[in-house]
Amino acid sequence: DLMDTLLDCPNVEHVERTRLVEIVGDMSGVNGVKVRALGSDEDTVLPVEGAFIYLAGGGTKPITDFCRTKVDLDENGGVVVDEDMQTSMPGVYAIGDIRNTDYKQVVVAASDGCIAAMSIEKFLNNRKTVKVDWIHR
(Lines give C-alpha, C1' and ligand atoms only; values in the text may rest on other atoms or scores of the structure.)
Protein backbone atom coordinates (compact mmCIF):
# COMPACT_ATOMS: atom_id res chain seq x y z
CA ASP A 1 0.00 0.00 0.00
CA LEU A 2 1.05 3.63 -0.39
CA MET A 3 1.94 4.10 3.29
CA ASP A 4 4.35 1.13 3.18
CA THR A 5 5.93 2.47 0.01
CA LEU A 6 6.44 5.85 1.65
CA LEU A 7 7.87 4.36 4.85
CA ASP A 8 10.30 2.23 2.81
CA CYS A 9 11.98 5.39 1.49
CA PRO A 10 15.39 5.93 3.11
CA ASN A 11 14.74 9.64 3.69
CA VAL A 12 11.38 9.14 5.47
CA GLU A 13 11.09 8.69 9.21
CA HIS A 14 7.78 7.93 10.89
CA VAL A 15 7.76 9.53 14.34
CA GLU A 16 4.96 8.06 16.44
CA ARG A 17 3.28 9.25 19.62
CA THR A 18 4.50 12.82 19.30
CA ARG A 19 2.92 16.22 18.96
CA LEU A 20 4.13 18.95 16.67
CA VAL A 21 5.22 21.89 18.83
CA GLU A 22 6.66 24.24 16.25
CA ILE A 23 7.89 24.51 12.69
CA VAL A 24 11.39 25.96 12.96
CA GLY A 25 12.89 28.20 10.32
CA ASP A 26 14.30 31.53 9.28
CA MET A 27 14.18 33.79 6.22
CA SER A 28 15.66 30.98 4.09
CA GLY A 29 12.77 28.65 4.91
CA VAL A 30 11.93 25.69 7.11
CA ASN A 31 14.93 23.95 8.69
CA GLY A 32 13.38 21.83 11.41
CA VAL A 33 10.31 20.69 13.29
CA LYS A 34 10.09 20.70 17.05
CA VAL A 35 8.20 17.72 18.45
CA ARG A 36 7.36 16.45 21.92
CA ALA A 37 6.82 12.78 22.75
CA LEU A 38 3.55 12.09 24.52
CA GLY A 39 4.16 12.01 28.28
CA SER A 40 7.41 14.00 28.00
CA ASP A 41 8.25 17.57 28.93
CA GLU A 42 11.21 17.79 26.55
CA ASP A 43 11.14 18.92 22.94
CA THR A 44 13.24 17.46 20.15
CA VAL A 45 14.11 19.32 16.95
CA LEU A 46 14.20 17.15 13.86
CA PRO A 47 16.25 18.71 11.03
CA VAL A 48 14.15 18.97 7.84
CA GLU A 49 14.09 21.12 4.73
CA GLY A 50 10.31 21.37 4.56
CA ALA A 51 7.17 20.33 6.38
CA PHE A 52 3.84 19.01 5.17
CA ILE A 53 1.35 18.65 7.99
CA TYR A 54 -1.19 15.87 7.54
CA LEU A 55 -3.51 15.01 10.39
CA ALA A 56 -4.39 11.39 9.72
CA GLY A 57 -7.13 9.77 11.74
CA GLY A 58 -8.64 12.91 13.22
CA GLY A 59 -8.15 16.62 13.58
CA THR A 60 -9.54 17.30 10.14
CA LYS A 61 -12.79 18.88 11.30
CA PRO A 62 -12.61 22.62 10.65
CA ILE A 63 -12.82 24.99 13.60
CA THR A 64 -16.08 26.79 12.82
CA ASP A 65 -17.51 27.26 16.31
CA PHE A 66 -17.11 31.02 16.03
CA CYS A 67 -19.43 31.21 13.02
CA ARG A 68 -21.80 28.32 13.66
CA THR A 69 -24.84 30.54 14.26
CA LYS A 70 -23.95 33.06 11.57
CA VAL A 71 -23.45 31.06 8.35
CA ASP A 72 -24.59 27.71 6.95
CA LEU A 73 -22.35 24.71 7.64
CA ASP A 74 -22.39 21.36 5.86
CA GLU A 75 -22.87 18.01 7.63
CA ASN A 76 -19.10 17.78 8.27
CA GLY A 77 -18.83 21.24 9.83
CA GLY A 78 -17.42 23.04 6.80
CA VAL A 79 -18.64 26.50 5.84
CA VAL A 80 -20.90 26.35 2.78
CA VAL A 81 -19.93 28.81 0.04
CA ASP A 82 -21.05 29.60 -3.49
CA GLU A 83 -18.78 29.84 -6.56
CA ASP A 84 -17.62 33.30 -5.37
CA MET A 85 -16.64 31.88 -1.92
CA GLN A 86 -19.52 33.84 -0.36
CA THR A 87 -21.29 32.23 2.58
CA SER A 88 -24.99 32.23 3.31
CA MET A 89 -24.50 35.70 4.85
CA PRO A 90 -24.04 38.31 2.11
CA GLY A 91 -20.64 39.99 2.31
CA VAL A 92 -19.07 37.17 4.36
CA TYR A 93 -16.61 34.91 2.53
CA ALA A 94 -14.81 31.71 3.51
CA ILE A 95 -11.69 30.12 2.02
CA GLY A 96 -9.31 27.25 2.58
CA ASP A 97 -9.67 24.44 5.09
CA ILE A 98 -12.63 26.10 6.83
CA ARG A 99 -14.63 24.98 3.77
CA ASN A 100 -13.66 21.37 4.63
CA THR A 101 -13.16 20.14 1.08
CA ASP A 102 -11.30 16.93 0.24
CA TYR A 103 -8.38 19.00 -1.09
CA LYS A 104 -6.25 20.06 1.91
CA GLN A 105 -3.54 21.89 0.01
CA VAL A 106 -2.13 25.40 0.33
CA VAL A 107 -2.59 25.97 -3.40
CA VAL A 108 -6.33 25.35 -3.01
CA ALA A 109 -6.56 27.90 -0.19
CA ALA A 110 -4.57 30.38 -2.31
CA SER A 111 -6.94 29.86 -5.22
CA ASP A 112 -9.93 30.29 -2.90
CA GLY A 113 -8.35 33.51 -1.64
CA CYS A 114 -7.94 34.90 -5.15
CA ILE A 115 -11.56 34.07 -6.00
CA ALA A 116 -12.78 35.60 -2.75
CA ALA A 117 -10.69 38.78 -3.16
CA MET A 118 -12.03 39.41 -6.65
CA SER A 119 -15.56 38.56 -5.52
CA ILE A 120 -15.33 40.91 -2.54
CA GLU A 121 -14.19 43.71 -4.84
CA LYS A 122 -17.20 42.94 -7.08
CA PHE A 123 -19.52 42.90 -4.03
CA LEU A 124 -18.20 46.18 -2.60
CA ASN A 125 -18.60 47.94 -5.95
CA ASN A 126 -22.07 46.49 -6.61
CA ARG A 127 -21.04 44.91 -9.91
CA LYS A 128 -22.62 41.82 -11.47
CA THR A 129 -19.30 40.53 -12.86
CA VAL A 130 -15.71 40.37 -11.73
CA LYS A 131 -13.46 43.12 -13.05
CA VAL A 132 -10.47 41.62 -14.85
CA ASP A 133 -7.26 43.40 -15.73
CA TRP A 134 -6.93 41.77 -19.14
CA ILE A 135 -9.17 41.36 -22.14
CA HIS A 136 -8.87 38.55 -24.70
CA ARG A 137 -9.38 39.77 -28.24
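This text follows the structure it describes.
Only a predicted model underlies this, so the values are computations on that prediction, with no experimental measurement involved.

Participant: Please set out the overall build of the protein chain residue by residue, giving values where relevant.
Facilitator: Looking only at helices and strands, one finds two helices and three strands in the protein chain. In sequence order, the secondary structure elements of the protein chain are arranged as α-β-β-β-α. Relative to its length of 137 residues, the protein chain is extended, with a C-alpha radius of gyration of 20 Å against a globular reference of 14 Å. Each of the three principal axes of the protein chain carries a C-alpha extent, and together these read 55 × 40 × 35 Å.

Participant: How would you sum up the sheet that holds strand E1 (residues 18–26)? Please name residues and give values.
Facilitator: The three strands are arranged E1-E2-E3 in an open sheet whose pairing can be described as antiparallel. Only two strands of the sheet have a single partner each, and these edge strands are E1 and strand E3 (43–47). Between one strand axis and the next, the sheet turns by 30° as a mean value, whatever way the strands run. With eight bridges connecting them, E1 and strand E2 (residues 29–37) associate as antiparallel partners. Bridging from a neighbouring strand, Val24 pairs with Gly32 of E2.

Participant: Which residues make up the environment of Pro47, and what values go with them?
Facilitator: In this structure, Pro47 sits in strand E3. Through-space distance from the C-alpha of Pro47 to that of Asn31 is 5.9 Å; in sequence the pair is 16 residues apart.

Participant: Can you lay out the packing of aromatic side chains for me, pointing to particular residues and giving the numbers?
Facilitator: Throughout the structure, instances matching the rule amount to one aromatic pair. Between Tyr93 and Phe123, the aromatic rings sit 6.4 Å apart at their centres with planes inclined by 75°, giving edge-to-face as the arrangement. Of this pair, Tyr93 sits in the loop between E3 and helix H2 (106–124) while Phe123 is found in helix H2, placing the two residues 30 residues apart along the sequence. Given a relative accessible area of 36%, Phe123 falls into the partly exposed group.

Participant: Which residues make up H2, and what values go with them?
Facilitator: For H2, built from 19 residues, the straight-helix expectation of 27 Å at 1.5 Å per residue is met to within 8% by its first-to-last C-alpha distance of 26 Å. All of the buried residues in H2 are Asp112, Ala116, Ser119 and Lys122. Taken end-on, H2 shows its buried residues confined to a sector of 115°, consistent with a single buried face. Turned more than 90 degrees from where H2 packs its buried face, Val106, Val107 and Leu124 sit exposed. Two residues or fewer after H2 comes Asn126, characterised by a positive phi angle close to 50°.

Cut-off values and rules
- Residues numbered from 1 in each chain as written.
- Predicted model: local features only at pLDDT ≥ 70, side-chain atom pairs only at ≥ 80, totals over all residues.
- Heavy atoms only, no water.
- Helix = DSSP H or I, 4+ residues; strand = E, 2+ residues; numbered from the N terminus.
- Rg over C-alpha atoms; globule rule 2.2 N^0.38 Å.
- Pairing = 2+ DSSP bridges.
- Axes fitted to C-alpha atoms, helices over the stretch in contact; angles between N-to-C directions.
- Phe/Tyr/Trp six-rings, centres within 6.5 Å; stacked < 30°, edge-to-face > 60°.
- Buried < 20%, exposed > 50% of the residue type's maximum accessible area, 1.4 Å probe, protein only.
- Expected span 1.5 Å × (residues − 1).
- Arc of directions from axis to C-beta.

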